[in-house]
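Secondary and tertiary structure notes
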Amino acid sequence: MTTTAVTHIASLVTNDPSLGNGTPLGLIQDAAVVIDGDRIVWTGESSKAPATDNVLDAAGRAVIPGFVDSHSHLVFAGDRTQEFNARMSGQPYRAGGIRTTVAATRAASDEELSANVARYLAEALRQGTTTFETKSGYGLTVEDEARALRIASRHTDEVTYLGAHIVSPDYADDPAGYVDLVTGPMLEACAPHARWIDVFCEQGAFDGDQARAILTAGRAEGLHPRIHANQLTYGPGVQLAVELDAASADHCTHLTDADVDALGQGNTVATLLPGAEFSTRATWPDARRLLDAGATVALSTDCNPGSSFTSSVPFCIALAVRDMGMTPDEAIWSATAGGAAALRRTDIGRITPGARADLVLLDAPSHVHLAYRPGVPLVSAVWRSGQRVA
């Protein structure tokens, strides 16, 4: 292994409050980072950097941790252009549109699905995403859900079983029977290929009792819960997430004061997905309300073909700052350290000794430019596990 130093960094986001200026971002000015193999081994002022085998001069540009996208749906085929066009022409978003993607995904080959995942991940990597979670949920049969998870696991360790995305069209007249399938034969087939279990707790999908049964069954098989909660309406999802110690409650658009308090006092991360609100013209989540209550907030893309067909974390950062009440500092933390917290990981989302060497060099002097210059491709270089990959 060889050592590499990235020097003359105008502004380094470490996400370690003990470093730099003492804020949650742990900003160090005129900084350097030393990589040894796949790990960070040193951070500090550039003038104090130790000797290394290789040196890369950042030339006054900013470095941030690689983005951690903790919520995506990448194992699918086709798209829903017509649905999006109709929605932008005044028709409301409803969960049932998922069925269109289910039909296309079932018809696709393994090779086609894997190629799609690889394409979207390469797209995300070019924009600075070095860790991502992805889900099943577009198969809704035992065979197709297990297939989706096998394909996903070729590309990431953060794999989520989402057989409970909607009630399968095959069980339209027997939702209880579908819950039995999801918690029985489907779970048995899928659990070996996943780390997490998820459920869409929403009108038109699964109610609180069904969601509880599904998540509890998954936990008994060693899968940790996460949940789609309170996206389209007020509902029991957030309270259930906190009760079951879910790693994250995702969407969190419609929250009561009790929901906000629960997230502020519990260990469940509130993962906000502004791409969904952008693409559905829905109410924006109130990040400010959650942050002021002490909740841990993550920002992710929700990349999927129906409600948020974007792989760009920088785009989501700009939306969160513009429309959700976040500061640029809060948004960058939530898209890196916040995403890591939503995956219950401590080795990513930060640039400190011992962390995995996931770095993004921006073509800008500060992370603030991600919100200040929306839509501009500011990612200049990406390292994942110490290897320059973009």
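Digging into the overall build of the protein chain
From N to C terminus, the protein chain includes 14 helices and 17 strands. Considering only C-alpha atoms, the protein chain reaches an extent of 70 × 45 × 45 Å along its principal axes. In the protein chain, which comprises 390 residues, the share counted as buried stands at 57%. Relative to all contacts within the protein chain whose residues are 6 or more apart in sequence, the contacts with residues 24 or more apart total 69%. For the protein chain, the accessible surface area stands at approximately 14,700 Å², while carbon and sulfur atoms represent 49% of it. Put simply, the protein chain has 29 plus and 46 minus side-chain charges, and the middle of one group is 4 Å from the middle of the other.

Section: empty space enclosed by the protein
All told, the structure shown has three cavities of 30 Å³ or more when counted by the stated rule. Within this model, the second largest cavity holds a volume of roughly 70 Å³. Lining the second largest cavity are D69, S72, L74, Y120, L121, A124, T129, F132, T301, C303 and S311. Those elements that provide at least two residues to the lining of the second largest cavity are α3 (110-126) and β7 (129-135).

As for the layout of surface pockets
Taken as a whole, the largest pocket holds about 240 Å³ of empty space. Taken together, 14 residues line the largest pocket, and the ones lying closest to its centre are Q127, S312, P314, V376 and P377. For the lining of the largest pocket, the class distribution of residues is nine nonpolar, three polar and two charged.

Some words on the environment of S380
Along the chain, S380 turns up in strand β16 (residues 379-384). The exposure class of S380 is partly exposed, given its relative accessible area of 30%. The spacing of S380 and A364 is 16 residues in sequence and 9.0 Å in space, taken between C-alpha atoms. With residues up to four places along the chain from it excluded, the contact list for S380 reads R61, L361, L362, D363, R388 and A390. A polar contact is formed between the side chain of S380 and the side chain of R61, at a distance of 3.1 Å.

The rules behind these values
- Think of each chain on its own: its residues are numbered from 1, step by step along the sequence as written.
- In view of the model being predicted, local features appear only for residues whose pLDDT reaches at least 70, and side-chain atom pairs are presented and counted only at 80 or more, with totals across whole chains, interfaces and linings using the full set of residues.
- Based on all heavy atoms of the structure, the side-chain values leave hydrogens and waters out of the count.
- Runs of H or I in DSSP of at least four residues are treated as helices and runs of E of at least two as strands, each being numbered from the N terminus.
- Note on classification: 1.4 Å probe, protein chains only; a residue is buried when its accessible area is under 20% of the maximum for its type, exposed when over 50%, partly exposed between these limits.
- Whether two residues touch is decided by their heavy atoms; if any such pair falls within 4.5 Å, the residues are in contact.
- The Shrake-Rupley method, run with a 1.4 Å probe, gives the accessible areas here. Residue values count only the displayed protein chains as cover.
- For the purpose of counting charges, residues Lys and Arg are taken to be positive, whereas Asp and Glu are taken to be negative. His and the chain ends are not included.
- Note that the charge is assigned to NZ on lysines, CZ on arginines, CG on aspartates and CD on glutamates.
- The rule is simple: put a 1 Å grid over the protein atoms alone, call a set of points where a 1.4 Å probe fits but cannot get out a cavity, call an open set with protein on both sides within 12 Å along at least five of seven lines a pocket, and count a residue as lining if it has an atom within 4 Å of a point.
- Grid points are joined across faces, edges and corners, and a volume is the space filled by probe spheres set on the points.
- Charged means Asp, Glu, Lys or Arg here, nonpolar means Ala, Val, Leu, Ile, Met, Phe, Trp, Tyr, Cys or Pro, and polar covers whatever is left, Gly included.
- Polar contacts here mean pairs of N or O atoms no more than 3.5 Å apart (in protein, one a potential hydrogen donor and the other a potential acceptor; neighbouring residues in sequence count only if both atoms are side-chain atoms).

None of this, on its own, says anything about what the molecule does.
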